Structures are given as C-alpha cells and as structure tokens.
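Residue strings, one per chain:
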Amino acid sequence: PLSASLSPVVSWNVVNWLILYIPDDDMAVNLGTIDGSLYDPEHGTWTPLTSSSKNAYVIANVGYTLTLSAASTGTESADLTRFQVKGGDLTSFASLDSDQTMKTGNPGITHISDIQYQYVPSFDDAPGDYAVTVTYTVTAP
C-alpha cells in the first residue's frame, strides 16, 4: 500500500497573568452616619460603622500577593488609623494607615468573600462628608 505522512509542529506560549475582579455591587460601600447614638456614655466607647461582607477575586496562573492601601478622598480628612479592613488572611481588623497584605495565594481562582470595612468614630470627627479610596493591588514575582 502507498502512504504519506507529515508531522506539523503546533506550539504556543504562556505568560504570567493576573486578573483582579471586584463585583460592581462591592465597588461603592456606604458605612452610614456617625451620630450620638453610636456613643455609649456608660462605657465611654463608640460603636464602629461596619460594612457587610464584600467580595474580591484573584485569578492567576502564578503565585501572588494582594495588598490594600487607602487614601482619604472626601471633603473631610478621614483618620486612616481608625479606618480598618479585615478579610482573607487578615483575620481581625487592621488599620489602613499603612499598606496591608490581604491575601497570598497560589495559581487558580481565589474568592475572598469576607471583606469588611470599619470606621471607629471619635469626638475628633468634624461634621462633613468622608470618603476613603481603597486600592487593591495584586502582584506576582
């Protein structure tokens, strides 16, 4: 019998890649209003303004680190030592006056579903509008 054969070479390339995704519903968070009802005069303590749980996703083909930073962006300046976050590897509230590592992960899909923001009121909070922009940054070596 007659025959013929050829052996084409099929190739491709893979680069390191990362995707950071925060659902639209979690991109704007309103913590509420600070008023006198949050202060407990008997104990001299404030009830913090705390968000419900929020979500973030990291999808990657490499190991990664997810860090958060914050900047006060409202008409009044927020005290970032009292603006806090928890979730992922942060198992308790940590101030965002300095960068915080929220998650260190491996290749695959990571869903962080327990992110909460908190602001601890003070007598130092002047009347006005406060806002903090939180920046999520995912990096890989």
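Summarised in this report is the structure supplied together with it.

Definitions and cut-offs
- Sequence order as written defines residue numbering, which begins from 1 separately in each chain.
- Only residues with pLDDT of at least 70 are given local features in this predicted model, and only at 80 or more are side-chain atom pairs given and counted; all residues enter the totals for whole chains, interfaces and linings.
- Water and hydrogen atoms play no part in the side-chain values, which are based on all heavy atoms of the structure.
- Secondary structure counts use DSSP, requiring at least four H or I residues in a row for a helix and at least two E residues in a row for a strand, with both numbered from the N terminus.
- Within these notes, the globule rule equals 2.2 Å times the number of residues to the 0.38 power, and the radius of gyration is based on C-alpha atoms.
- Per-residue accessibility, obtained with a 1.4 Å probe over protein chains only, is compared with the maximum for each type, and a residue is labelled buried under 20%, exposed over 50%, and partly exposed between these values.
- Contact definition: two residues touch when any of their heavy atoms are within 4.5 Å.
- Every accessible area reported is derived by Shrake-Rupley at a probe size of 1.4 Å, with residue values counting cover from the shown protein chains alone.
- A carboxyl oxygen of Asp or Glu within 4 Å of a side-chain nitrogen of Lys or Arg is what we treat as a salt bridge.
- We treat two strands as partners when DSSP finds at least two bridges between them.
- Axis definition: a line fitted to C-alpha atoms, limited for helices to the stretch in contact. Angles are taken between N-to-C directions and run from 0 to 180 degrees.
- In summary, the charge assignment counts Lys and Arg as positive and Asp and Glu as negative, without counting His or the chain termini.
- Polar contacts, as used here, are pairs of N or O atoms within 3.5 Å; protein pairs need one atom able to donate a hydrogen and one able to accept it. Residues neighboring in sequence count only if both atoms are side-chain atoms.

1. Points about the overall build of the chain
Within the chain, the secondary structure is distributed over zero helices and eleven strands. Helices (α) and strands (β) of the chain occur, in sequence order from the N terminus, as β-β-β-β-β-β-β-β-β-β-β. At 23 Å, the chain has a C-alpha radius of gyration far larger than the 14 Å of a compact globule built from 141 residues. For the chain, the C-alpha atoms occupy an extent of roughly 100 × 30 × 25 Å along the three principal directions. Across the 141 residues of the chain, 30% fall into the buried class. Contacts in the chain between residues far apart in sequence, at least 24 positions, make up 77% of those at least 6 positions apart. Carbon and sulfur atoms make up 52% of the accessible area of the chain, which amounts to about 9000 Å² in all.

2. Details of the pattern of salt bridges
Tallying each qualifying case throughout the model produces three salt bridges. For R82, the salt bridge goes to D79, with nearest N and O atoms at 3.1 Å. Residue D79 is classed as partly exposed on the basis of its relative accessible area of 30%. Each of D79, R82 and D125 takes part in one network of salt bridges that share partners.

3. Focus: the sheet that holds strand β6 (residues 64-72)
If you walk across this open sheet you meet the three strands as β9-β6-β11, and the pairing is antiparallel. If you trace the sheet from one side to the other, it starts and ends with β9 (100-105) and β11 (132-139), each paired once. On average, adjacent strands in this sheet sit at an angle of 20° to one another, irrespective of strand direction. Alignment of β6 against β11, held across eight bridges, turns out to be antiparallel. The partner of L66 across the bridge, within β11, is V138.

4. Considering the pairing of β6
Across five bridges, β6 lies against β9 in antiparallel orientation. Within the sheet, the bridge partner assigned to T65 lies in β9 and is T104.

5. Notes on the side chain of D26
Relative to the helices and strands, D26 resides in the loop between β1 (18-21) and β2 (39-40). Buried charge D26 goes without a salt bridge, the closest partner of opposite sign being K54 at 4.1 Å. Only 2.9 Å separates the side chain of D26 from the backbone nitrogen of N55, close enough to count as a polar contact. When sequence neighbours within four positions are dropped, the list of residues in contact with D26 reads K54 and N55.

6. Digging into the environment of G74
Locating G74 in the fold gives a position in the loop between β6 and β7 (83-87). A relative accessible area of 27% places G74 in the partly exposed class. In sequence terms G74 and Y130 are 56 residues apart; their C-alpha atoms lie 4.4 Å from each other. Ignoring anything within four residues of it in the chain, the contact list for G74 reads D129, Y130 and A131.

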